[in-house]
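Each chain is listed here by its residues.
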Amino acid sequence: MISTNLEQYKSKRQQKLAQKQSQLKPSTYTTQTPFRDAERNFKSRLPPPDFSNVIDFYNLDQCNDELKNRIIKIELKVELGENGESENLFGDYKELKEEEKDFIKGGRRTAYLFKDLPGFIFIPNPFTPKAQKHIIKRCLRDFAKYPNKGNLDTHYLLPKEGLWNLHENIVNNDLNENHPQYFIPLKASVIGPTNDSFLNEEQGEQCSSFSQPRPEPPPSSGVPILTSSQLIKKIRWTTLGYQYHWPTKTYHLDKRLSFPKDIELLTTFVIKSIYGVKFITSEKKENEEKYFINDYDHKKWKPEAGVVNYYQLKDNLMAHVDKSEINMEAPLISFSFGHTCIFLIGGSTRDIAPIALYLRSGDISIMCGPCRANFHGVPRILEGTLPKYLEPYYDNDSEWNTYGDYMSSARINVNVRQVF
Ligand SMILES: O=C(O)CCC(=O)C(=O)O
Ligand SMILES: [Fe+2]
């Protein structure tokens, strides 16, 4: 168990809590699996997590040698944002202010692999702030609305133009939010729980806001009446392309919506950039060198389904494997925006200890090949990590302020899959 130094807690209440936890019998914390152990560490508020083994790709020098030895730095086959359409989507490097150049530390052609995790690829942020803002706006304004299915549709009858548009109108016109017109009416037939907890940890998958797969919540009578600005903070996920049915963990093959063109293009550039990346380790197995090569090329790539996850600071996503896709060969491409999170990537069972790494705004993580069958999750969003350029009132972009306010307590993840 992590030792407790009571001096580090400011308030009496915190000290008491920490003392109580430290006195719990070790059996209370008996190891379930190494993956659960890691989740428990990062979810803990008191005592705070042990971050010493978290890989920070932006400060690899500070990693211990054992971790560093597991990482391979590679060059992408194509530079992201090099020219033309790609430049528009990742952003024009030339437009960056001098102090912003630092944001794209990887030079847009760098990626990292792990020797003992074939199929996992990490690309440090290749996006300019402007390009990140474009995708965040798309996620809030355009994706979290009809006809895409989202978590709130079970409980609320949402405006056709989308909750975000309504919210923006209220903010921009300075209307009184408490005006009854802006209460979101409940669906008469489906009523859900008072908070976002569906299952507790002991029941299996989740202790706070949402799990993967996310079950339909059981009926209860406590869905609160909320204003639009309260409700936007309750958005947890929405689906792009093929709509996903969480209770049965299958795609609705008859509910195929067209996939957003910009996200499709973005992923196609990523696919091109990672085609052929490989490593060969010196470990010999039956006289063969152990190696990994990603041979999924852009001609095979069809982005057909996507999930956008909207995290608030207290949210987490428990260990899971994404295996609903019929095509498990195709890479799953995942983009992070907003606050930094801890991402855990493990093996084919929870008994394999996961690697922990920071995903910062703009970072891209890819699971391909054997890694498609690996457990992964997001046990923690880190407070105080929103990049300055995503804060409201940072520069003269007044349209951004409403988005910036939302991002002050959020992380958004867009992940894209090929189904067939
Ligand atoms: O938020 C993330 O980075 C991961 C999301 C994820 O694993 C999923 O939606 O399946
Ligand atoms: Fe996932």
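Residues numbered from 1 in each chain as written. Chains lettered and ligands numbered in written order. Predicted model: local features only at pLDDT ≥ 70, side-chain atom pairs only at ≥ 80, totals over all residues.

- Looking at an unreviewed UniProt entry, the protein chain carries the name 15484_t:CDS:1, with the source organism given as Funneliformis geosporum.

## Description of the overall build of the protein chain
Point 1. Of the regular secondary structure elements, the protein chain holds nine helices and 16 strands.
Point 2. Among the 420 residues that make up the protein chain, the fraction classed as buried is 40%.
Point 3. Long-range contacts, defined here as pairs at least 24 residues apart, represent 77% of the contacts in the protein chain between residues at least 6 apart. (Helix = DSSP H or I, 4+ residues; strand = E, 2+ residues; numbered from the N terminus. Buried ≥ 20, exposed ≤ 12 C-beta atoms within 10 Å, placed from the backbone. Contact = placed C-beta atoms within 7 Å.)

## Quick look at the sheet that holds strand β15 (residues 376-381)
Point 1. An order of β1-β13-β12-β15-β10 is seen for the five strands of this open sheet, with the pairing classed as mixed. What marks the edges here is a single partner per strand, and that holds for β1 (54-55) and β10 (317-320).
Point 2. Bridging between strand β12 (residues 341-345) and strand β13 (residues 355-359) involves five bridges; their strand directions are antiparallel. When the sheet's bridge partners are listed, I342 is paired in β13 with Y358.
Point 3. Most of the contacts of helix α2 (residues 34-43) go to β15, to which it runs at about 15°, and overall it touches β10, β12, β13 and β15. (Pairing = 2+ DSSP bridges. Axes fitted to C-alpha atoms, helices over the stretch in contact; angles between N-to-C directions.)

## With respect to the environment of D297
Point 1. Inspection of the secondary structure assignment puts D297 in the loop between β8 (288-293) and β9 (305-312).
Point 2. Assessed through the 12 C-beta atoms surrounding it within 10 Å, D297 is described here as exposed.
Point 3. Between the C-alpha atoms of D297 and G91, which are 206 residues apart in sequence, the distance is 24 Å.

## Concerning unusual backbone geometry
Point 1. The amide bond that connects L46 to the next residue, P47, takes the cis arrangement and shows omega of -5°.
Point 2. With respect to the secondary-structure elements, P47 resides in the loop between α2 and β1.
Point 3. The omega torsion of the bond from Y146 to P147 falls at 5°, within 30 degrees of zero and hence cis.
Point 4. As for its placement among the helices and strands, P147 is situated in the loop between α5 (129-143) and α6 (163-173).
Point 5. The backbone phi angle of Y393 is positive, close to 60°, even though this residue is not glycine.

## Observations regarding the UniProt feature "domain: Fe2OG dioxygenase" (unreviewed entry) in the protein chain
Point 1. Within this numbering scheme, the UniProt entry marks residues 302-420 as carrying the feature "domain: Fe2OG dioxygenase" (unreviewed entry).
Point 2. Segment residues 302-420 splits into 7% helix and 39% strand. End C-alpha atoms: 8 Å apart. (UniProt positions renumbered as here; feature names shortened; annotations may be inferred.)

## Digging into the nonpolar core
Point 1. Within the largest apolar cluster, 89 residues are counted, with the highest numbers of intra-cluster contacts made by I121, C139 and V308.
Point 2. Other than its neighbours up to four places away in sequence, V308 contacts C139, F143, W237, T238, L240, I412 and V414. (Core = buried A, V, L, I, M, F, W, Y, C linked by C-beta atoms within 7 Å.)

## Observations concerning α6
Point 1. When α6 is considered as a whole, its buried residues turn out to be L163, W164, L166 and H167. The arc enclosing the buried residues of α6, seen along the axis, measures out at 165°, which places them on a common side. Away from its buried face, by an angle of more than 90 degrees, α6 presents the exposed residues N172 and N173. (Arc of directions from axis to C-beta.)

## Concerning the pairing of β9
Point 1. For β9, the tally of buried residues reaches seven of eight residues, placing the bulk of the element in the interior.
Point 2. Summarising the sheet, strand β5 (residues 237-245) and β9 pair through five bridges and their orientation is antiparallel. Each bridged residue has a counterpart across the sheet, and for G241 the counterpart in β9 is A305.
Point 3. One ladder, built from eight bridges, connects β9 with strand β16 (residues 410-417); its direction is antiparallel. By the bridge assignment, Y310 is partnered in β16 with I412.

## Here we look at the packing of α5 against helix α9 (residues 400-407)
The description of two packed helices rests on the angle between their axes and on the distance between the axes.
Point 1. Interaxial distance between α5 and α9 falls to 11 Å at its minimum, and their mutual angle equals 80°. Comparing the axis directions of α5 and α9 gives the class roughly perpendicular. In this structure, α5 contributes K133, I136, K137 and L140 to the contact, and α9 contributes W400, Y403, Y406 and M407.
Point 2. When grouped by side-chain class, the residues that make up the contact of α5 with α9 number six nonpolar, no polar and two charged. (Parallel < 35°, antiparallel > 145°, perpendicular 65-115°, else oblique. Nonpolar A, V, L, I, M, F, W, Y, C, P; charged D, E, K, R; others polar.)

## What to know about the site of ligand 1
Point 1. Around ligand 1, 13 residues are found, and the nearest of them are V307, N309, D322, V378 and N413.
Point 2. Listing elements by their share of the shell around ligand 1, those giving two or more residues are β9, β11 (332-338), β15 and β16.
Point 3. Counted by class, the shell around ligand 1 contains five nonpolar, seven polar and one charged residues. (Near = placed C-beta within 6 Å.)

## Overview of the pairing of β15
Point 1. The buried fraction of β15 amounts to six of the six residues, a majority that puts the element mostly inside the structure.
Point 2. Bridging between β10 and β15 involves two bridges; their strand directions are antiparallel. Looking at the pairing, H320 lines up with H376 of β15.
Point 3. As paired strands, β12 and β15 are joined by four bridges and run antiparallel to one another. In the strand pairing of β15, I342 is matched with R380.

## Some points on the environment of E161
Point 1. In this fold, E161 is placed in the loop between α5 and α6.
Point 2. We classify E161 as partly exposed; it has 13 C-beta atoms within 10 Å.
Point 3. Counting along the chain gives 17 residues from E161 to A144, while the straight-line C-alpha distance between them is 10.0 Å.

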